[in-house]
Each structure stands twice: as structure tokens, then as C-alpha cells.
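Each chain is listed here by its residues.
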Amino acid sequence: MKHDDLVGAGTSGERVVIEGHVLDGDGEPVPDAIIEIWQANSYGKYAHPEDQQDKPLEPSFSGYGRIPTDDEGQFRFTTIKPGPVPDLDGKFQAPHIVVSVFARGLLRRLVTRIYFSDEPANATDFVLNLVEASRCETLIAKKIAGVSGKLEWNVILQGPNETVFFDCGL
Amino acid sequence: MAKIVTYRRPNPDSQPPYLHPTYISSIKRAPSKSLIYLPHTLSEVTGPSFTEAAIDVKACDLTRQHSGNPLGERIIVSGRVMDEDGRPLQHSLIEVWQANAAGRYLHKRDQHNAPLDPNFTGSGHTLTDAEGRYRFVTIRPGSYPWGNHHNAWRPAHIHFSLFGPAFASRLVTQMYFPGDPLLPFDPIFNCTADENARNRLISLFDWETTIPSQALGFKFDIILSGREATPMEP
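In this report, the structure presented in the accompanying data block is examined. (Residues numbered from 1 in each chain as written. Chains lettered and ligands numbered in written order. Predicted model: local features only at pLDDT ≥ 70, side-chain atom pairs only at ≥ 80, totals over all residues. Heavy atoms only, no water.)

Looking at the interface of chain A and chain B
Piece 1. Contact residues are listed per partner, giving 57 residues for chain A and 60 residues for chain B.
Piece 2. Both faces considered, chain A and chain B share a buried interface measuring about 5,000 Å² in area, 62% of it formed by carbon and sulfur atoms.
Piece 3. Looking only at chain A, the three residues that lose the most surface to chain B are Leu107, Arg108 and Leu170 of chain A, adding up to 18% of its buried area.
Piece 4. Taken together, the links from chain A to chain B amount to eight salt bridges.
Piece 5. Where chain A meets chain B, there are 29 residue pairs in polar contact (both at pLDDT 80 or more).
Piece 6. Broken down by secondary-structure element, the contributors of at least two residues to the side of chain A that touches chain B are strand 2 (34-38), strand 3 (64-68), strand 5 (96-102), strand 6 (110-116) and strand 10 (166-167) of chain A.
Piece 7. In terms of residues, the side of chain A that touches chain B owes the most to one element, strand 5 of chain A, which gives five residues.
Piece 8. Taken together, the residues that form the side of chain A that touches chain B break down as 29 nonpolar, 12 polar and 16 charged. (Contact = heavy atoms within 4.5 Å. Buried area = accessible area lost by both parts, 1.4 Å probe. Salt bridge = Lys/Arg side-chain N within 4 Å of Asp/Glu carboxyl O. Polar contact = N/O pair within 3.5 Å; in protein donor to acceptor, adjacent residues only side chain to side chain. Helix = DSSP H or I, 4+ residues; strand = E, 2+ residues; numbered from the N terminus. Nonpolar A, V, L, I, M, F, W, Y, C, P; charged D, E, K, R; others polar.)

Written as C-alpha cells, this is what we have:
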């Protein structure tokens, strides 16, 4: 069940295409990975009963995507930039997408996040502040020069430039 | 702000490590740096939901997806999906995929020289009911060789993928069969240190769900999150 275009008719928000590669510890592409994403809509509202915020839901936007990598280890999906959602102290987190990575050789899923490069809120995001500054870059999707609406974000499974992964329980 | 309900974490040894060197594929793919502890926020305690509309009702019978019957021993795999307190998780998506009776996947990367079965695709899905129950009809998958080490064979298994209520309860695992002689030698099955946790991945033969003259029943209950959580496997 591939689902790489989350934007339906009438979905509000800034449309973005996010693409990148999944690479192993030797920098080799991982052609058998699956990226799963979960995110709020452009208002910062999740399509889920646990989200009690008084914000609009959009029937055209579920917030879920599943994208397999191709033979070159590349993935690409189309979505909208999510709005801010609350953290645990009643403040807001910077806009982000939560990500699971599955692949042969990964005995457990890896959990990470995608943030956006043009966001002043990144500076005060409590999750980014759990990460040493030099590694935060791995969580931020960057604009591709000359291509509007296209962002690059890679998953480096292992090594000096390893992506930051989180312990989320399961 | 409304207080959110977070998820209890599994005991450390009850889930596999990322690096398990006897499982060769983990060596270049396991992260080398420590994971960063992520408190559960609204982003982790919410997650995708799937309605009846997204489900193909025929997808829970893997023996009826083609014009003929697949070869192999017909089985019924059923059980309950529960949360950490034993409460049923209703209307939760379960996906399964497996090799055919000869031990071959319908996948371009599977080059094992066992035959494909034109009447068996090997993938299915269903939603749990109001009591958290699910049921698949399928055939018993075969064991197959793999390149992990000399004379390596995977025990017969069915892959399970579950969402549960939230991003934090997402689980992909494998179900095994009782009495499989390959289990003690399988680096994937043995990657979970806690023996009790590991044994939760072995289904039970079940007379209750066995149908006379039709199919053997196997029971496989799954716990998403918490101390008794079912271990993950790729």
C-alpha cells in the first residue's frame, strides 16, 4: 500500500515535495526501505480523537503516508507543511513530520522527525533542543536551490553523519 | 491544554537491539549513536486510522485471491490485539505477508529456486473487531534458505504489521509456529534477549479454531506497547 501523495482536493497549506535517499553505514543505498510519515494538517490538527484542539479537520487530508525506496534507495512524497502542534508545556512545537523507517536489517523501526529549514520556531522547539546542535541538521529538510517547493531530507542509518533517531518506546 | 495519554515503554530486554551481529544485515544498518529519549507528545500519541472503506473484505482470506486454490496446508491464524492493560484494540489495521508453501515470496528480490504458486500472492489485511479480534485464512508458509551464514534457513513465519491507536504503538513483527526445529538457530528470532518475550512470537496450535476437514487453527495474540509488548522483528 504505497501512499506518497497526501494532498487531496481542497487540502489547505503550503505544498511541498520531500525527497531523499536512505543510505547505510557504507553510504550504499538501501533499496528495500519503507518510510512512513504522520503529520498534522496546515492548522496543526491531527486527524485523531486524542487531538482535542479547537482547530479545523480536513476530510481530504489524513496525514499518513507510506513510501518505499526505489532501487537507488530514493524516496519522494508530496504533502503540505504542517501547522504547529502543542508540546507538553502548553507551548508549540516547530512544524514537523514524524517518521518511521523500516528495512531489512532493522530489527526495530527507527523513529525520526522532519523539520523545515525556514522556521524560526526551530530555535525553541523542545525536541530539537534535546539534540546536540551539530546533529540537528540531520532533522531539517533543506530547500533545493532553483526548485520551488522541493525539499531534500536524507536518512543516514549509520556513521559520522548519522541521522538523529529517537527512542519512542516501540 | 488537554492532558494527553502517553504509552508505557517496553522492558529493555523484551525488544531486540538494533545491532545483532549474527544477523548480518544489521551490521551496516544499525545506528551507531545512542537514540535520544523522546517524550510522547501529541505527535506520538496520535496516528493514522483506517476505516472499513479502506479495507478489502476479501483480503483476510489469502486462499481466495485467485481462481484456484493455493498449494499447501490450509491454516487459520487468529487472535486478539490488546493494549498494555489487556484492553482490546478495536478497528485496528493488521497487514500480513508471507512466503508460499514452497518457501518462496512473490517478490522480485526473492531468487530462491522454489516454485511460485499462481494461486497465492501471500499478502492480506484486515481490521480488528470490537473485541480486538482478527482472523486470517491462509496456507502454512514454507521455510526458505537465506544468505546470512552457511546453510541458513528461516523458520516458517508470517510477517505482521500493526498500527494500533497511535504512532507510538506501531509494530512490525513475525509470527512463528510451535515446534519449528529451526527456531533455536535463527538469528532473527533469537535477537530478543528475554526468552519469555521471544516466545510471545510463537503461535499456539488451537483446537478451538481448527475446522474439521478444513484447516488447522493457530492462535497469535499481540500486545502493543507496555511491559508485555510483543517484540518487534523486521
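And the narrative resumes.
Describing the pattern of salt bridges
Piece 1. Under the counting rule described, the total for this entry stands at 26 salt bridges over all chains.
Piece 2. Notably, a salt bridge pairs Glu19 of chain A with Arg76 of chain A, separated by 2.7 Å at the nearest N-O pair. One end of the pair, Glu19 of chain A, is in strand 1 (residues 15-23); the other, Arg76 of chain A, is in strand 4 (residues 74-80), and 57 residues separate them in sequence.
Piece 3. Arg76 of chain A sits in the partly exposed class, given a relative accessible area of 39%.
Piece 4. Between Arg9 of chain B and Asp167 of chain A there is a salt bridge, with its nearest N and O atoms 3.5 Å apart. Taken together, the residues span two chains, with Arg9 of chain B in the segment before strand 1 (36-37) and Asp167 of chain A in strand 10.
Piece 5. By sharing partners, the salt bridges in this structure join Arg8, Asp83, Glu84, Asp85 and Arg87 of chain B into a single network. (Buried < 20%, exposed > 50% of the residue type's maximum accessible area, 1.4 Å probe, protein only.)

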